[in-house]
Amino acid sequence: FPSHDKALNTANKIISPHTEIIEMFKNKIEILQWYKPIKPGHPTSKGSKILFPGSVVGRKGAYEMRELARALNFQFVYSGKTIEDEQFWEGLNATPFDGNYRDIKLIIYPTVLENQPRQLLYAISRGIQIITTPDCGIKPTIFTKYIELSDTQGWLETTKKYFDMM
């Protein structure tokens, strides 16, 4: 977004928790912490469902999620708005998320942009495992696994490994 780039480049100081913004503007950044570090022995989720927390739009990874669900034939819930196509999840075992994080065991989020990762941070605080991209903007934790968006095989293999643990 050209207007965002211009604003960031002309700013005297940038306050951000986003890992990519921090990396880009090292000389004028003040780091804002998203969350407190996780302590050893932190509880892990007892849920059994998979959540896709993004809107049905390309930059949030909806197309990659759809292809992953087709390839591995798994059931999941989704929480974002359906922006591009009302029948986007048709033919898949997908239902709207009811907001109960106690039911969630794994989040799959192949996003290329996340500017407000509230759901991911909440999930980390509840011990929910997350498979996402480095573009999600949060620092790695014991609950996050990062895969480059273009690594289709990596997404397939990692998701299968998590299924074996579920």
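First, a word on scope: everything that follows refers to the structure included in this document. Since this is a predicted model, take the numbers as computed values, not measurements. (Residues numbered from 1 in each chain as written. Predicted model: local features only at pLDDT ≥ 70, side-chain atom pairs only at ≥ 80, totals over all residues. Heavy atoms only, no water.)

**Focus: the overall build of the protein**
Rules: For the purposes of this entry, the term helix denotes a DSSP run of H or I that reaches at least four residues, the term strand denotes a run of E that reaches at least two, and both are numbered from the N terminus. Burial classes follow relative accessibility: with a 1.4 Å probe on protein chains only, a residue under 20% of its type's maximum area counts as buried, one over 50% as exposed, and anything between as partly exposed. In this analysis, two residues are considered to be in contact whenever any of their non-hydrogen atoms come within 4.5 Å of each other. For the area figures, the Shrake-Rupley method with a 1.4 Å probe applies, and any residue is considered shielded solely by the protein chains shown. When charges are counted, Lys and Arg are positive and Asp and Glu negative, with His and the chain ends excluded. Each charge is placed at NZ for Lys, CZ for Arg, CG for Asp and CD for Glu.
Assigned secondary structure in the protein consists of five helices and eight strands. Taken over 166 residues, the protein has a buried fraction of 43%. When contacts within the protein are restricted to residue pairs at least 6 apart in sequence, long-range pairs at least 24 apart make up 55% of them. Of the roughly 9,800 Å² of accessible surface on the protein, a fraction of 51% belongs to carbon and sulfur atoms. In the protein, 21 positive and 18 negative side-chain charges are present, and the distance between their average locations comes to 9 Å.

**As for the layout of surface pockets**
The cut-off we apply is this: Grid points spaced at 1 Å over the protein atoms alone were grouped into cavities, where a 1.4 Å probe fits but cannot get out, and pockets, open sets with protein on both sides within 12 Å along at least five of seven lines, with lining residues defined by an atom within 4 Å of a point. Grid points are joined across faces, edges and corners, and a volume is the space filled by probe spheres set on the points.
Estimated volume of the second largest pocket: approximately 150 Å³. Around the second largest pocket sit Glu-64, Met-65, Glu-67, Leu-68, Ala-71, Pro-110, Leu-149, Thr-152, Trp-155 and Leu-156, which together line it. Of all the secondary-structure elements, those providing two or more residues to the lining of the second largest pocket are helix 3 (62–72) and helix 5 (152–165). Looking at the lining of the second largest pocket, the element that brings in the most residues is helix 3, giving five residues.

**Structural notes on the packing of aromatic side chains**
Where we set the bar: Planes of paired rings set the category: under 30 degrees apart is stacked, over 60 is edge-to-face and the rest tilted, where pairs are Phe, Tyr or Trp rings (Trp by its six-membered ring) whose centres lie within 6.5 Å. The rule for a charge over a ring is simple: NZ of Lys or CZ of Arg within 6 Å of the ring centre, and within 35 degrees of the ring normal.
In total, this model carries nine aromatic pairs according to the counting rule given. Ring plane angle 70° and centroid distance 5.9 Å describe the contact between Phe-52 and Tyr-109, whose orientation is recorded as edge-to-face. Taken as a pair, Phe-52 in strand 3 (residues 49–52) and Tyr-109 in strand 6 (residues 104–109) lie far apart in primary sequence, 57 residues in all. Consider the rings of Phe-97 and Tyr-101, whose centres lie 5.1 Å apart with planes at 85°: the pair is edge-to-face. Taken together, the ring pairs in this structure connect Phe-52, Tyr-63, Phe-74, Phe-76, Tyr-78, Phe-88, Trp-89 and Tyr-109 into an aromatic cluster. Over the ring of Phe-88 we find Arg-66, and its NZ or CZ is 4.0 Å from the ring centre.

**Regarding unusual backbone geometry**
A positive phi is found at Asn-73, a non-glycine position, where the angle reads about 50°. Looking at Asn-73, the relative accessible area reads 68%, which means it is exposed.

**Some remarks on the nonpolar core**
Rules: Remark: nonpolar core denotes a set of buried residues (Ala, Val, Leu, Ile, Met, Phe, Trp, Tyr, Cys) joined through side-chain atoms within 4.5 Å.
With 38 residues, the main nonpolar core has Phe-52, Met-65, Phe-74, Phe-76, Trp-89, Ile-107 and Ile-108 as its most contacted residues. Beyond its immediate stretch of four places on either side in the chain, Ile-108 contacts Ile-50, Leu-51, Phe-52, Pro-53, Met-65, Leu-68, Phe-74, Ile-131, Trp-155 and Thr-159. If you look at the next biggest cluster of nonpolar residues, it comprises five residues, including Ile-14, Ile-21, Phe-25 and Ile-29.

**Overview of helix 4 (residues 118–125)**
The line we're drawing: It is the directions from the helix axis to the C-beta atoms whose arc is reported.
Taken together, the buried positions of helix 4 are occupied by Leu-120, Leu-121, Ala-123 and Ile-124. Take helix 4 and look down its axis: the buried residues cluster within an arc of 160°, on one side only. Where helix 4 is buried, its residues contact strand 6, strand 7 (129–132) and strand 8 (144–146). Gly-127 lies just past helix 4 and shows a positive phi near 75°.

**Side note on the environment of Phe-163**
In this structure, Phe-163 sits in helix 5. When the C-alpha positions of Phe-163 and Asn-27 are compared, they lie 42 Å apart, and in sequence the two are 136 residues distant. If near-sequence neighbours (up to four positions away) are discounted, Phe-163 is found in contact with Ile-50, Leu-72 and Phe-74.

**Remarks on a negative patch on the surface**
The following threshold applies: Two joining distances apply to patches: 9 Å for like charges and 5 Å for nonpolar side chains (Val, Leu, Ile, Met, Phe, Trp, Tyr), and every residue must have over 30% relative accessible area and no salt bridge. Each salt bridge in this description consists of a side-chain nitrogen of Lys or Arg and a carboxyl oxygen of Asp or Glu lying within 4 Å of one another.
Together, Glu-84, Asp-85, Glu-86 and Glu-90 make up a region of like negative charge exposed at the surface. Counting through the fold element by element, Glu-84 comes out in the loop between strand 4 (76–78) and strand 5 (94–96).

These values are about where atoms sit, not about what they do.
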